[in-house]
Amino acid sequence: MLVALFAGDGIGPEIMVEARRVLDALELDDLRYEEGLVGGAAYKAKGHPLPPETLDLAQRADAILFGAVGDFDCDGLERHLRPEQAILGLRKALTLFSNLRPAKVFPELADASALKPEVASAIDLLIVRELNGDVYFGEKGMRTTADGLREGYDVMSYNEAEVRRIAHSAFKAAQARRGKLCSVDKANVLETSQLWRDVVIEVSADYPDVELSHMYVDNAAMQLVRNPGQFDVIVTGNLFGDILSDQASMCVGSIGMLASASLDANGKGLYEPIHGSAPDIAGQGKANPMAMILSAAMMLRFSLGKAEAADRIEAAVAKALSQGARGADLGGSMITREIGDAVLAALA
Ligand code: NAD
Ligand code: IPM
Ligand code: MN
């Protein structure tokens with residue numbers, strides 16, 4: 001089986017190296033790896049954030065492991081040439097519409113959370129974020145109003161088929177967990193959200209064993225810090241899911257801990273930490289590689305049929321944490337390589 005490795009920009013290459021060391025230590029003989037350029041690195045080398053050969057590798061691969069993209073040097077480029085277009089382009093081109101972002105507190109980390117330990121320790125939730133639609137992919141542009149004012153616009157929309165397919169993903173995920181699904185929207189204001197809610201309710205007829213609730217996104221942001229233990233599975237649109245998942249990461253302890261899977265209808269997936277290229281700490285050994293390592297575990301579990309290897313990685317991360325492996329993001333002093341070493345030692 002072929003695994004595509006796209007390290008990307010900023011801390012992407014630093015954390016990818018650690019994930020690769022962990023994968024190599026597992027000695028999975030039937031896996032082959034091929035590297036590709038994405039993001040600002042690809043723009044600088046090839047003139048495009050998602051060059052054709054990278055897209056081709058992504059299409060040929062059985063799974064994709066992705067670091068992060070984003071480079072402030074590129075923020076002045078036309079939008080279609082910016083690094084972020086690499087990840088957006090891969091999600092769209094491969095129809096990776098279902099983004100699973102689990103957030104669970106490792107018992108050792110309850111004190112690292114931004115929340116009180118007794119609140120944080122109850123967190124075991126999964127955000128199912130729609131990834132192919134919403135305001136991200138609607139018509140957008142800059143124009144001038146009749147009064148001569150510059151105006152930016154981005155159209156938010158979902159059609160019922162897009163909502164239905166993510167709803168099915170979320171109900172199935174809830175069935176495999178504690179059977180509770182909270183759909184997060186802004187139906188009190190947005191037509192897009194009204195349709196979202198109507199369709200989620202329609203789909204719920206197929207899942208009588210799942211307890212469905214609805215919550216407005218502003219309340220959901222508040223409830224995530226007030227009582228995150230109330231959530232099992234959250235399903236939401238692309239934009240709300242982006243924001244809520246960064247918030248959930250600090251409830252768990254650090255954005256450097258949250259992994260994600262972006263899946264198509266057949267289980268092919270791209271796996272990446274939820275964080276970005278962290279240009280503020282790039283090149284300093286300050287990046288926590290655990291989200292990247294846990295993303296590799298998700299890849300083994302969901303796309304490569306290697307649940308046992310995934311279990312081993314997750315157990316090694318937990319053991320390393322329990323032995324005190326922490327970078328600056330978790331109040332510790334280990335550098336990226338030392339955290340990788342600690343996970344490798346725990347794996348052995
Ligand atoms: P970010 O997630 O890169 O960083 C936010 C903050 O969290 C920073 O202070 C950073 O140092 C810290 N942080 C992030 N990951 C960390 C880790 N593993 N260990 C320790 N600390 C970590 O978000 P940002 O600063 O808003 O964006 C930076 C760039 O990344 C932008 O160009 C943005 O577009 C891009 N981005 C890319 C992705 C992606 O590739 N999927 C995701 C988010 C942001
Ligand atoms: C994420 C990132 C991306 C998103 C950006 C880089 C396009 O923030 O994966 O969470 O908004 O989806
Ligand atoms: Mn994000």
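Structure: see above.
Residues numbered from 1 in each chain as written. Chains lettered and ligands numbered in written order. Predicted model: local features only at pLDDT ≥ 70, side-chain atom pairs only at ≥ 80, totals over all residues. Heavy atoms only, no water.

Considerations on the site of ligand 1
Taken together, the neighbourhood of ligand 1 is formed by 22 residues, with Glu84, Gly276, Ala278, Asp280 and Asn288 sitting nearest. Between ligand 1 and Ala278 there is a distance of 2.8 Å, counted from an oxygen atom to a backbone nitrogen or oxygen. Isolated, ligand 1 exposes 800 Å² of accessible area, and the fraction of that covered by the protein chains is 72%. (Near = heavy atom within 4 Å. Polar contact = N/O pair within 3.5 Å; in protein donor to acceptor, adjacent residues only side chain to side chain. Areas by Shrake-Rupley, 256 points an atom, 1.4 Å probe, with all protein chains shown as cover.)

Considerations on the sheet that holds strand S5 (residues 124-130)
Spatially, the 10 strands line up as an open sheet ordered S2-S1-S3-S12-S11-S4-S5-S10-S8-S9, and their pairing is mixed. Each having just a single partner strand, strand S2 (32-35) and strand S9 (211-216) make up the two edges of the open sheet. Direction aside, the axes of adjacent strands within the sheet are offset by 20° on average. Alignment of strand S4 (residues 98-104) against S5, held across seven bridges, turns out to be antiparallel. The residue of S5 that forms the bridge with Ser98 is Glu130. (Pairing = 2+ DSSP bridges. Helix = DSSP H or I, 4+ residues; strand = E, 2+ residues; numbered from the N terminus. Axes fitted to C-alpha atoms, helices over the stretch in contact; angles between N-to-C directions.)

Describing the packing of helix H6 (residues 160-175) against helix H7 (residues 191-204)
Between two packed helices, the angle of one axis relative to the other and the distance separating the axes together describe the packing. Two elements in contact, H6 and H7, have axes whose closest approach is 9 Å; the angle formed by their N-to-C orientations is 50°. Considering the angle they form, H6 stands oblique to H7. Our pair here, H6 against H7, has a crossing hand that is right-handed. For the pair H6 and H7, contact is made by Glu160, Val163, Arg164, Ile166, Ala167, His168 and Phe171 and by Leu195, Trp196, Val199, Val200, Glu202, Val203 and Ser204, respectively. (Parallel < 35°, antiparallel > 145°, perpendicular 65-115°, else oblique. Left-handed = near helix turned anticlockwise from the far one by under 90°. Contact = heavy atoms within 4.5 Å.)

Structural notes on the site of ligand 2
By nearness alone, every residue bordering ligand 2 is listed as Glu84, Leu88, Arg91, Arg101, Arg129, Tyr136, Asp242 and Ile274. Between Arg101 and ligand 2, the recorded distance is 3.0 Å, taken from a side-chain N or O atom to an oxygen atom. Tyr136 is positioned such that a nitrogen or oxygen atom in its side chain is 2.5 Å from an oxygen atom of ligand 2. Protein contact buries 78% of the 320 Å² of open area that ligand 2 shows by itself. Of all the elements, helix H4 (residues 84-93) adds the most residues to the shell around ligand 2, at three residues.

Note that every value here comes from positions in space, so none of it alone points to a role or purpose.
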